[in-house]
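Given next are the chains, with one letter for each unit.
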Amino acid sequence: MTEEERKELAELIFPNITKTRDYYEEKYPERNLEEGAMVTRFGPSPTGFVHMGSLFGSFCDSVFAKQSNGVFFLRIEDTDQKRSVENGIEGIFNDLDAFEIIPDESTRVGGAYGPYIQSERTEIYQTYVKDLMIQGYAYPCFMKEEEIAAIREEQEINKTKLGIYGVYAVDRDLSLEEIKEKLANQEEYVIRLKSPGNAKNEVEINDCVKGKIKFPENDMDIVLLKKDGTPTYHLAHVIDDHLMHTTHVIRGDEWVSSIPLHVQLFQILGFQMPEYVHTAAITKKEDGAIRKLSKRKDPEAKVSYYDEVGIPIDAVKLYLATILNSNFEEWYLQNPDKTINDFTFTFDKMAIGGTLFDLDKLNNISKTYFSRKKAEDVFQETLSWAVKHDSEYAEILKNNQEDMIKFLNIEKDGDRPRKDIAKYSDVKEEFSYAIDSMFKEEHYQKNESQKEYDTSLIKEYINDILDLEVDNDTWFSTIKEFASNHGYASSPKEYKNNPENYKGHVGDICEAIRVMITGRLKSPDLFSIMKILGKDRILERIELYENR
Ligand code: GLU
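Residues numbered from 1 in each chain as written. Predicted model: local features only at pLDDT ≥ 70, side-chain atom pairs only at ≥ 80, totals over all residues. Heavy atoms only, no water.

Look at helix H11 (residues 313-324) against helix H13 (residues 359-371): their axes get within 9 Å of each other, and the N-to-C directions meet at 125°. Overall, the two elements H11 and H13 adopt an arrangement that is oblique. Considering only the axes of H11 and H13, their crossing is right-handed. In this structure, H11 uses Asp 314, Ala 315, Val 316, Leu 318, Tyr 319 and Thr 322 to contact H13, whose residues at the interface are Lys 361, Leu 362, Ile 365, Ser 366 and Tyr 369. Its residues assigned to classes, the contact of H11 with H13 comprises seven nonpolar, two polar and two charged. (Axes fitted to C-alpha atoms, helices over the stretch in contact; angles between N-to-C directions. Helix = DSSP H or I, 4+ residues; strand = E, 2+ residues; numbered from the N terminus. Parallel < 35°, antiparallel > 145°, perpendicular 65-115°, else oblique. Left-handed = near helix turned anticlockwise from the far one by under 90°. Contact = heavy atoms within 4.5 Å. Nonpolar A, V, L, I, M, F, W, Y, C, P; charged D, E, K, R; others polar.)

For the ligand, the full set of nearby residues is Arg 41, Gly 43, Glu 77, Arg 83, Tyr 233, Arg 251 and Trp 255. Contact distances for the ligand include 2.7 Å between an oxygen atom and a side-chain N or O atom of Arg 41. Glu 77 places a side-chain nitrogen or oxygen 2.6 Å from a nitrogen atom of the ligand. Burial of the ligand by the surrounding chains reaches 84%, relative to a free accessible area of 290 Å². If you map the ligand onto the pockets, it falls in the largest pocket. Here the residues of the shell around the ligand are counted per class, giving two nonpolar, one polar and four charged. (Near = heavy atom within 4 Å. Polar contact = N/O pair within 3.5 Å; in protein donor to acceptor, adjacent residues only side chain to side chain. Areas by Shrake-Rupley, 256 points an atom, 1.4 Å probe, with all protein chains shown as cover. 1 Å grid on protein atoms, 1.4 Å probe; cavity = no way out; pocket = protein on both sides within 12 Å on 5 of 7 lines; lining within 4 Å. Sits in = over half its atoms within 2 Å of the grid points.)

Tallying each qualifying case throughout the model produces two cavities of 30 Å³ or more. Approximately 70 Å³ is the volume found for the largest cavity. Together, Lys 367, Phe 370, Ser 371, Val 378, Leu 408, Lys 412, Arg 418, Lys 419, Asp 420 and Ile 421 line the largest cavity. Of all the elements, H13 adds the most residues to the lining of the largest cavity, at three residues. Residues belonging to the lining of the largest cavity are distributed by class as follows: four nonpolar, one polar and five charged. In this structure, the second largest cavity spans a volume of roughly 40 Å³. (Points joined across faces, edges and corners; volume = space filled by probe spheres on them.)

With that settled, consider the pattern of salt bridges. Here the structure, examined in full by the defined rule, presents 41 salt bridges. Residue Lys 428 is joined to Asp 390 by a salt bridge in which the shortest nitrogen-to-oxygen separation is 2.8 Å. Here Lys 428 is found in helix H17 (residues 424-430), whereas its partner Asp 390 is found in the loop between helix H14 (375-389) and helix H15 (391-399), with 38 residues between them in sequence. In this structure Lys 428 comes out as partly exposed when scored by relative accessible area, which is 32%. Exposure remark for Asp 390: the relative accessible area of 17% places this residue in the buried category. Between Lys 459 and Glu 543 there is a salt bridge, with the nearest N and O atoms lying 3.9 Å from each other. (Salt bridge = Lys/Arg side-chain N within 4 Å of Asp/Glu carboxyl O. Buried < 20%, exposed > 50% of the residue type's maximum accessible area, 1.4 Å probe, protein only.)

A pair of packed helices is captured by two measures, namely the crossing angle of their axes and the spacing between those axes. Where helix H20 (residues 472-485) meets helix H22 (residues 506-518), the closest approach of the two axes is 9 Å, and the angle between their N-to-C directions is 110°. By the criterion of interaxial angle, the relationship of H20 to H22 is roughly perpendicular. When H20 is examined against H22, the residues Trp 475, Phe 476, Ile 479, Lys 480, Phe 482 and Ala 483 are found in contact with a partner set consisting of Val 506, Ile 509, Cys 510 and Ile 513. Class assignment of the residues belonging to the contact of H20 with H22 gives a composition of nine nonpolar, no polar and one charged.

Taken as a whole, this structure holds 29 aromatic pairs when the rule is applied. Aromatic side chains Phe 328 and Tyr 332 sit 6.0 Å apart centroid to centroid with 10° between the ring planes, which places their arrangement in the stacked category. Residue Phe 328 and its partner Tyr 332 are both found in helix H12 (residues 328-334); the two are separated by four residues, about one turn of the helix. Like Tyr 332, Phe 328 is buried. (Phe/Tyr/Trp six-rings, centres within 6.5 Å; stacked < 30°, edge-to-face > 60°.)

Structural data, given as structure tokens:
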């Protein structure tokens, strides 16, 4: 076709497209940002919720934009109607809001580079495709589904590369007359790329995570515009990220194989390429095998899971930071007074292969997170969580605020603060003994130890010896003395040397008290618990133990 004919064709196909590329280039000028500022974007389909993998992606987007004083925007990618659900956009905002991942530009707050939803950008895509058609890089393809299926079958039999390219792209050289005839017959068509590539040549890109990657050049005549005139992902990605001035395309590495196509589209459209940051899939280990985290099989793949089970959002974000950069966790453990915002994330510390999503590790990080929080804050957050998810417990907490905070405060200071809470729901479990109305006889059955303890000995100790006003050392020396006076060794070592001389050692007496007043073999510092409970309540519990 001559250039004149191509112009005529473009007018025939796009009679309503009157704007030009220049119009859009002017409308969306370079962003006015400081050197090194990154512009990132999150492009979810409006499926109604954010999956853990895409939450991780949006977390990366926001982190890199924020730390470079750049821009992070949200673009709703609704070109595939099958993936759209009613109120799908709202669901995405809800999940992002919950994690405080707030885009600077979006359908909600607007911005100078909108519309931020692809279905409202059709005219833009068509303007660029019209131009490509004039240049000879795009053509209408009338192939029917059966024809495409027959080609595929033939390619499978001949074991050649699948797809519409070269000789298989039968409509790429139709004459203007032939096209006019088909249009007159109202034959349906898509617009395909007329690929100038040759698979014998190589393209190379330098991915920020994966480093240099080489591919054969693209020679596929892929679809640019579907039958209804809406774009495919590939076309929309290239045009949008150009016009919205994305500097770093951070996306899942399932897109790596599309790189040669995207490079070609950037080239023929005359756009500068952004940097690519392909992130490894989030995986899970199951029965020894590694697979992708699945929203169907894994409850933790849904971001609403964390609120339901009571893992604080900030702890999940800390975990995302540990999978984002391999050096984050060590830094976090070494810097007790710092937050995520104080860390500088880099691409070279990102995983190249799969990133294992490990709930145990998340729990550990969450324990560290809780251990650094003030008791009052742990109380308030647990209360807010309980109001939503466990109203009965919320009432109990409200009625026992003062005591609860004291219990939560045990062993909080020092180099090795207590790390027993990973979720808000753990507070109920771990501090069940803290609240009288929750402390019932069944506690003793539920919480281990089949041993029978001597209640009269312990009662004697509580009534006659225990002084709750003294300091920890004094308390311990008096209980040791009590032990010696009653046939117990004053240390485990002493007992071990001559077990036949003793009924047990001081630790056994502490264990008896601990079991009677907490129902457990393990608890935070015993004397602190006793101090908070006070003698009367301690005696009530011993009574309860006796009568169980
Ligand atoms: N809409 C694409 C997806 O959901 C976004 C990919 C990208 O970030 O480029 O996979």
